[in-house]
Amino acid sequence: MQQPKKILITGGGYGGLKVALGLQRKYQGNAEITLISKHDYHYQTTLLHKVAIGTLSARKARIYYRKVLDLNKVCFIKDKIKQISPKENKVIGNGGEYSYDILVIALGFKPNNFGVKGVDKYAYKLSSLNAALKIDKNIENKFKEFVHTKNPNDLQIIVCGTGFTGIEFAAELATQLDELCLICGIDRNIPKVTCIGRSKHILPVFSSALAKSAESKLKNLGVEILSSADIKEIKEGEVVIESNGVSSSVYGNTIIWSAGVKGSEIVEHSSIPNKNGRICVDAQLQCKDFDNIYVVGDCAIAADKDAIHAPTAQLAAQMGDYVAELLCAKLEGKDFTKPFKFNHRGTVCSIGHTDGVGIVYHKNVKGEIAAFMKNTIENKWLYSIGGLNMVFKKGQFRYRTSN
Ligand SMILES: Cc1cc2nc3c(=O)[nH]c(=O)nc-3n(C[C@H](O)[C@H](O)[C@H](O)COP(=O)(O)OP(=O)(O)OC[C@H]3O[C@@H](n4cnc5c(N)ncnc54)[C@H](O)[C@@H]3O)c2cc1C
């Protein structure tokens, strides 16, 4: 009798979890399906800015894999992958070695420091749930201790990067400053949030009209924006920038680095050809050098009509759905020729809990509608992994945060 095929999915983020759930729902055969991830819970990366400000609790953010997986169909192993050995068809983790017939790489992203000195030493990164919790603790401590330290730089927060991550974080923080100051007995005029970005406008993925609208919303919240500024170095409590050939420094004791991401470092250091931890895949998301490896999410470079898709949760989830469908067909011995096609439904950047800007189905949205759409996107993801129950337990609603 033929041995059951071993399907190994590494990484339980938007891409990997979708592969596991898709196989769980559709596949009826006897293949051994295993999901390995370094934590035993999934979290919405798209909501990390809320965790970092404390408006979303860690308890609400954690979605335990064993609660959403049917463990009779998918085995879950909590382990941190250290190495992928594609020639030996195995993956090595802290807890042991895992062999596979088919591997799905879904290990996600890593912040990119772009070689800027001091980033890794002096800046916080919004890269995981634990990293977000550290930021929350740090800001809270700095505000609570201010009564003793009296150091105004403890209340200056610098956000490096004016893309989605940086802007959502800065806005969430700015909307909470009144409350933080009240709780800690601080004069509201002392704390300041400064965003530094290289591009002329914030949120360069949007039209300049939409970006300007977001900019004015942030300014109304008291956020200072330094555009067209190159970050040269980060020192303790200082960000050195250059703008129009002039060098200057911005001072603040909390520095957040959100200037961009690259693919997983496990992929980057593997023998699979990659660019910055991202693997070029074909139209079926198959690795070009190893045909038993599929790559989804931020570790994949997928192109449609020569346009490379920007890595997003939306893309990762659609890739996950596609690979689940493809594997299901292949495991059942059916032909599967359909290529992966990304359906870009839109993007929304939240500005606090009740405001935002974005594009949804090619239409610009702003204000409460944008905030509503952002919540809908988050809740739709929850629905796709755990149904209505999950939405009610973990969802984002207009008048309900964990604050
Ligand atoms: C702060 C922030 C905000 C964002 N906001 C948006 C947004 O609003 N909209 C949007 O579309 N996109 C957004 N993105 C991008 C989006 O989060 C990513 O594109 C998406 O998470 C990619 O999905 P993925 O499955 O490739 O990786 P991830 O979701 O990162 O999942 C990777 C998984 O692999 C696991 N893993 C990593 N390394 C190992 C290892 N060595 N061993 C075992 N397991 C490992 C991780 O724990 C995780 O479970 C945001 C990103 C960030 C950082």
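A short tour of the structure in this document, coming up. Per chain, residue numbering runs from 1 following the sequence as it is written. In keeping with the model being predicted, local features are shown solely for residues with a pLDDT of at least 70 and side-chain atom pairs are shown and tallied solely at 80 or more, while totals for entire chains, interfaces and linings include all residues. Note that water and hydrogens are dropped before the side-chain values are worked out from all heavy atoms of the structure.

Details of the site of the ligand
- Taken together, 30 residues surround the ligand, and among them G15, I81, D298, A313 and K374 come closest.
- A 3.5 Å cut-off defines polar contacts: any pair of N or O atoms within that distance qualifies, except that in protein one atom must be a possible hydrogen donor and the other a possible acceptor, and neighbouring residues in sequence count only when both atoms are side-chain atoms. In this structure, G13 approaches the ligand through a main-chain N or O atom, which is 3.5 Å from an oxygen atom.
- In this structure, an oxygen atom belonging to the ligand sits 3.5 Å away from a main-chain N or O atom of T312.
- Here the open area of atoms and residues is found with the Shrake-Rupley method and a 1.4 Å probe, where only the protein chains shown may cover a residue. When isolated, the ligand has an accessible area of 980 Å², and the protein chains bury 90% of it.
- Those elements giving two or more residues to the shell around the ligand turn out to be helix 1 (14-26), helix 7 (164-184) and helix 10 (313-331). For this purpose, a residue is taken to be near a molecule or strand whenever a single non-hydrogen atom of the residue falls within 4 Å of it. Every helix listed is a DSSP run of H or I at least four residues long, and every strand listed is a run of E at least two residues long, numbered separately from the N terminus.

Considerations on the sheet that holds strand 13 (residues 192-196)
- A pair of strands counts as paired when DSSP detects no fewer than two bridges linking them. One open sheet accounts for five strands, arranged 11-18-12-13-14; its pairing is parallel. Looking along the sheet, the strands with just one partner apiece sit at the ends: strand 11 (124-125) and strand 14 (224-226).
- Note: strand 11 against strand 18 (residues 254-257), two bridges, orientation parallel. Each bridged residue has a counterpart across the sheet, and for Y124 the counterpart in strand 18 is I256.

Details of the sheet that holds strand 1 (residues 6-10)
- Sheet architecture is open: five strands sit in the order 5-2-1-9-21, paired in parallel fashion. Each edge of the open sheet is held by one strand with a lone partner, namely strand 5 (74-78) and strand 21 (293-295). Each neighbouring strand pair of the sheet contributes to a mean axis angle of 20°, computed without reference to strand direction.
- When checking whether two residues touch, look at their non-hydrogen atoms; a contact exists if any pair is within 4.5 Å. Convention adopted: a line fitted to C-alpha atoms gives each axis, helices being fitted over their contacting stretch, and angles between N-to-C directions are expressed from 0 to 180 degrees. Contacts from helix 1 reach strand 1, strand 2 (32-37), strand 5 and strand 9 (102-105), with the element oriented near 145° to strand 1.
- Sitting on the sheet, helix 10 touches strand 1, strand 9 and strand 21, and the angle it makes with strand 21 is about 160°.

Details of the pairing of strand 7 (residues 90-93)
- In the sheet, strand 6 (residues 81-85) pairs with strand 7 via four bridges, with the strands oriented antiparallel. Each residue of the ladder has a partner; that of S85, found in strand 7, is K90.
- What sits between the antiparallel neighbours strand 6 and strand 7 is a turn of four residues, in which N89 has the positive phi angle 50°.
- Where strand 7 lies against strand 8 (residues 96-99), four bridges are found, and the strand directions are antiparallel. If you follow V91 over to strand 8, its bridge partner there is Y98.
- Hairpin connection between strand 7 and strand 8: a loop of two residues separates the two successive antiparallel strands.

Structural notes on helix 1
- One less than the number of residues in a helix, times 1.5 Å, gives the span that helix is expected to have. End to end, helix 1 covers 18 Å across 13 residues, agreeing with the expected 18 Å (1.5 Å per residue, within 8%).
- Counting buried positions along helix 1 gives eleven out of 13 residues, so the element sits mostly inside the fold.
- Burial classes: relative accessible area under 20% of the type maximum marks a residue as buried, over 50% as exposed, and values in between as partly exposed (1.4 Å probe, protein chains only). Residues Y14, G15, G16, L17, K18, V19, A20, L21, G22, L23 and Q24 constitute the buried set of helix 1.

Describing the environment of I63
- Looking at the secondary structure, you find I63 in strand 4 (residues 63-64).
- Classification of I63 as buried rests on a relative accessible area of 3%.
- Residues I63 and H42 lie 21 residues apart in sequence; the distance between their C-alpha atoms is 5.0 Å.
- In this structure I63 touches D40, Y41, H42, V68, L382, I385, M390 and K394, once residues within four positions along its chain are discounted.

Describing the nonpolar core
- Residues enter a nonpolar core if they are buried and are Ala, Val, Leu, Ile, Met, Phe, Trp, Tyr or Cys, with the set joined through side-chain atoms within 4.5 Å. With 64 residues, the main nonpolar core has L23, I105 and L327 as its most contacted residues.
- Not counting chain neighbours up to four residues away, the residues in contact with I105 comprise T10, I84, V267, I272, I279, I293, Y294, V295, V296 and C299.
- Y41, C184, L210 and C349 belong to the second largest nonpolar core, which has 44 residues in total.

Some words on the side chain of K50
- The residue K50 is located in helix 2 (residues 48-53) in this model.
- On the basis of relative accessible area, K50 is assigned to the buried category, the value being 4%.
- Sequence-distant contacts of K50, that is, excluding residues within four places in its chain, are made with T55, L56, E172, H353 and Q396.

Thoughts on the packing of aromatic side chains
- Centres within 6.5 Å make a pair out of two Phe, Tyr or Trp rings, where for Trp the six-membered ring is used; the pair is then stacked when the planes are under 30 degrees apart, edge-to-face when over 60, and tilted otherwise. On inspection of all chains with the given rule, the structure shows seven aromatic pairs.
- For the ring pair F164 and F206, a centre distance of 5.6 Å and an interplane angle of 55° mean the geometry is tilted. Of this pair, F164 sits in helix 7 while F206 is found in the loop between strand 13 and helix 8 (208-220), placing the two residues 42 residues apart along the sequence.
- By relative accessible area, which is 23% here, F164 ends up partly exposed.

Considerations on the pattern of salt bridges
- Take a side-chain nitrogen of Lys or Arg and a carboxyl oxygen of Asp or Glu: if they are within 4 Å of each other, that pair is a salt bridge. Per the stated rule, a full pass over the model turns up 15 salt bridges.
- As a salt-bridge pair, K374 and E378 come within 3.6 Å of each other at their nearest N and O atoms. Of this pair, K374 and E378 both sit in helix 11 (residues 367-394), separated by four residues, roughly a single helical turn.
- Residue classification places E378 among the buried positions, given a relative accessible area of 4%.
- Each of E168, K374 and E378 takes part in a single network of salt bridges with overlapping partners.

Concerning the packing of helix 1 against helix 11
- One way to put it is that helix 1 packs onto helix 11 with a least axis distance of 10 Å and a crossing angle of 40°. In this structure, helix 1 uses Y14, L17, K18, L21 and R25 to contact helix 11, whose residues at the interface are W381, S384 and I385.
- Any residue outside Ala, Val, Leu, Ile, Met, Phe, Trp, Tyr, Cys, Pro, Asp, Glu, Lys and Arg is labelled polar, Gly included; the first ten of those are nonpolar and the last four are charged. Per-class residue counts for the contact of helix 1 with helix 11 are five nonpolar, one polar and two charged.

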